[in-house]
Amino acid sequence: MDQKNSEEFYTRLREQLAESTKWPSNYLYKFIVLSEPEKIAQIHKIFDNTGAVIESKQSKKGKYTSVSVTVNLKSPEEVIAKYKEVGQVEGVISL
């Protein structure tokens with residue numbers, strides 16, 4: 001996703017979250033990443049000390065791992081900040 005589309009996406013997401021959710025609230029992130037321990041560890045590190053509940057599940061053939069993160073956040077801005085942090089992990093797909 002290029003920079004312009006990325007900013008439009010986050011602006012739209014911020015508006016939707018502000019309208020549909022009472023903050024603070026629990027938010028569920030879902031990511032897909034190659035089943036490489038260092039990539040999964042990077043995602044875990046981003047959510048360290050946040051009280052997040054993280055669940056991982058490998059695909060049938062074991063090539064990919066889905067990572068679900070439930071965390072209580074104060075605002076839509078915090079949700080977007082975490083998406084941007086995880087977006088720095090090479091090859092991660094945000095759902």
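Look up a bit, the structure's there.
Starting from 1, residues in each chain are numbered consecutively following that chain's sequence as written. In view of the model being predicted, local features appear only for residues whose pLDDT reaches at least 70, and side-chain atom pairs are presented and counted only at 80 or more, with totals across whole chains, interfaces and linings using the full set of residues. To get the side-chain values, all heavy atoms of the structure are used, and hydrogens and water are removed first.

**Describing the pattern of salt bridges**
Side chains that carry opposite charge are capable of pairing whenever their charged atoms lie near each other.
Okay, step 1: When a carboxyl oxygen of Asp or Glu is within 4 Å of a side-chain nitrogen of Lys or Arg, the pair counts as a salt bridge. Applying the stated criterion to the full structure yields four salt bridges.
Okay, step 2: Across the salt bridge formed by E36 and K39, the nearest N and O atoms sit 4.0 Å from each other.
Okay, step 3: To sort residues, take the accessible area from a 1.4 Å probe on protein chains only and compare it with the maximum for the residue type: under 20% means buried, over 50% means exposed, and anything in between is partly exposed. Judged by relative accessible area, which is 11%, K39 ranks as buried.
Okay, step 4: Across the pair E85 and K82 runs a salt bridge whose closest N-O atoms are separated by 3.5 Å. Here E85 and its partner K82 are both found in helix 3 (residues 76-87), three residues apart, which amounts to about one turn of the helix. In this description a helix means any DSSP run of H or I spanning at least four residues, a strand means any run of E spanning at least two, and both kinds are numbered starting from the N terminus.

**Regarding the nonpolar core**
Okay, step 1: What makes a nonpolar core is a set of buried Ala, Val, Leu, Ile, Met, Phe, Trp, Tyr and Cys residues whose side-chain atoms join them at distances within 4.5 Å. If you look at the biggest cluster of nonpolar residues, it comprises 22 residues, and the most contacted ones within it are Y29, F31, I43, F47, V79 and Y83.
Okay, step 2: Secondary structure elements with two or more residues in this core: helix 1 (3-20), strand 1 (25-34), helix 2 (37-46), strand 3 (64-73) and helix 3.
Okay, step 3: Residue contacts are counted whenever heavy atoms from the two residues lie within 4.5 Å of one another. In this structure, F47 is in contact with Y29, F31, A52, I54, V69, V71, K82 and V86, ignoring residues within four places of it in sequence.

**Describing the sheet that holds strand 2 (residues 53-58)**
Okay, step 1: As summarised here, the arrangement of the four strands in space is 2-3-1-4, forming an open sheet in which the pairing is antiparallel. Either end of the sheet is taken by a strand with one partner, and the two such strands are strand 2 and strand 4 (93-94).
Okay, step 2: The axes used here are C-alpha line fits, helices contributing only the stretch in contact, and every angle between their N-to-C directions lies in the interval 0 to 180 degrees. Together, strand 1, strand 2 and strand 3 form the strand contacts of helix 2, whose direction differs from that of strand 1 by roughly 165 degrees. Between any two strands, at least two bridges found by DSSP are needed for them to pair.

**Regarding helix 3**
In an α-helix there are 3.6 residues to a turn, and that puts residues three or four apart on one side.
Okay, step 1: Expected helix span is taken as 1.5 Å per residue step, with the number of steps being one fewer than the number of residues. If you check helix 3, its first and last C-alpha atoms are 17 Å apart, about what 12 residues at 1.5 Å a residue would give, namely 16 Å.
Okay, step 2: If you check which residues of helix 3 are buried, you get P76, V79, I80, K82, Y83 and V86. One face of helix 3 carries all of its buried residues, which in axial projection span an arc of 160 degrees. Comment: arc refers to directions from the helix axis out to C-beta atoms.

This is a description of form; function is not addressed.
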